[in-house]
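# Close look at the chain arrangement
The chain contents come next:
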Amino acid sequence: NILHSVQMCSSDLFSLSSFFFNDTATTEIYTLSLHDALPILVSALANIGLGWFVFRRRPRYSINTSFGIFVLNLVLWTLAVFMVILAAKSESSAIFWIRLSFVLAGFMPATFYVFACVFPEGRSIRFSHFLFFFSSAALTVIIFHPFLLKSVTIGPGIPTSEYGPAFPLFVIYFLIVMAFSLIKL
């Protein structure tokens, strides 16, 4: 049941929002042990299984295809966050994985919008459903510039990210497209 699958993904969307939305411009990303990061990996594996199951049931059905693409985006974002936790040993590796998680998070509203356009009637996917992919692609340019992520400081076990002036714009874009997608459902 697709609706049940959407409910299962809501916990990952909650963790996404808690990763991005904090009350300060500097966010601490705690370096955890593999044991502490294991639930993130289990979540990614469960979502891979869920997405694959839904897609394989009716691969030519637009709901299943769009849901599978959304879940794949969610899984890749989860794995990027997992790598932030495990590979944040140097500033360059932390910056790479944090920026990659931003790229994947930037495409999450677009993939969810496509799913919202076809669910629950099973309408066919049209070119106009990909409207937000263009803005997500434009965000990618900003994400790899210090305008969004200024720096990462590696401290005693706790890397600290300093975000630039484009960070609030990223959050606003994310919230608006996700809200628009939810309304479309």
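Remember, predicted model here, so these are calculated numbers, not experimental data.

This part takes up the pairing of strand β3 (residues 160–163). The side-chain alternation of β3 yields one buried face, formed by S161 and Y163, and one unburied face, formed by T160 and E162. In terms of strand pairing, strand β2 (residues 149–153) meets β3 through four bridges, oriented antiparallel. Each bridged residue has a counterpart across the sheet, and for L149 the counterpart in β3 is Y163.

The share of residues in the protein chain with pLDDT of 70 or more is 77%, and the mean pLDDT across the chain is 77. Within the protein chain, strand β1 (residues 26–28) has the poorest average pLDDT of any element, 46, and helix α6 (residues 167–184) the best, 91.

So, on to the packing of aromatic side chains. Going through the model one piece at a time under the given rule, you end up with 13 aromatic pairs. Here F70 and F112 contribute two aromatic rings whose centre-to-centre distance is 5.1 Å and whose plane-to-plane angle is 50 degrees, an arrangement assigned as tilted. Separated by 42 residues along the polypeptide, F70 in helix α3 (residues 62–87) and F112 in helix α4 (residues 91–118) bring together distant segments of the chain. Residue F70 is classed as buried on the basis of its relative accessible area, which comes to 2%. We classify F112 as buried; its relative accessible area is 4%. Arranged with centres 4.9 Å apart and planes meeting at 80 degrees, the rings of F96 and W97 form a pair that is edge-to-face. Three or more aromatic residues joined by ring pairs form one cluster here, namely F67, F70, F112, F115 and F119. The cationic tip of R58 hangs over the ring face of Y61; the distance from NZ or CZ to the ring centre is 4.0 Å.

Below, the discussion takes up the packing of helix α5 (residues 131–143) against α6. α6 packs onto α5 with a crossing angle of 165 degrees between their chain directions and a minimal axis gap of 12 Å. As judged from the angle between their axes, α5 and α6 are roughly antiparallel. When the axes of α5 and α6 are compared, the crossing they make is left-handed. Of α6, the residues touching α5 (which contributes F132, S135, S136, L139 and I143) are F170, Y173, V177 and F180.

Time to look at α6. Taking 1.5 Å per residue as the helical rise, α6 with its 18 residues ought to reach 26 Å, and the 26 Å between its terminal C-alpha atoms agrees with that figure. Considered for burial, the residues of α6 that qualify are F167, F170, V171, Y173, F174, V177, M178 and S181. One side of α6 carries all its buried residues, which in axial view fall inside an arc of 160 degrees. In α6, the exposed positions angled more than 90 degrees off the buried face are occupied by L169, I176 and I183.

This paragraph deals with the environment of P146. One can find P146 in the loop between α5 and β2. Taking the C-alpha atoms as reference, P146 lies 6.6 Å from G164; in sequence the two are 18 residues apart. Contacts of P146, omitting those with residues within four sequence positions, involve R99 and G164.

Rules used in this analysis
Residues numbered from 1 in each chain as written. Predicted model: local features only at pLDDT ≥ 70, side-chain atom pairs only at ≥ 80, totals over all residues. Heavy atoms only, no water. Buried < 20%, exposed > 50% of the residue type's maximum accessible area, 1.4 Å probe, protein only. Helix = DSSP H or I, 4+ residues; strand = E, 2+ residues; numbered from the N terminus. Pairing = 2+ DSSP bridges. pLDDT = per-residue confidence, 0-100. Phe/Tyr/Trp six-rings, centres within 6.5 Å; stacked < 30°, edge-to-face > 60°. Lys NZ or Arg CZ within 6 Å of the ring centre and 35° of its normal. Axes fitted to C-alpha atoms, helices over the stretch in contact; angles between N-to-C directions. Parallel < 35°, antiparallel > 145°, perpendicular 65-115°, else oblique. Left-handed = near helix turned anticlockwise from the far one by under 90°. Contact = heavy atoms within 4.5 Å. Expected span 1.5 Å × (residues − 1). Arc of directions from axis to C-beta.

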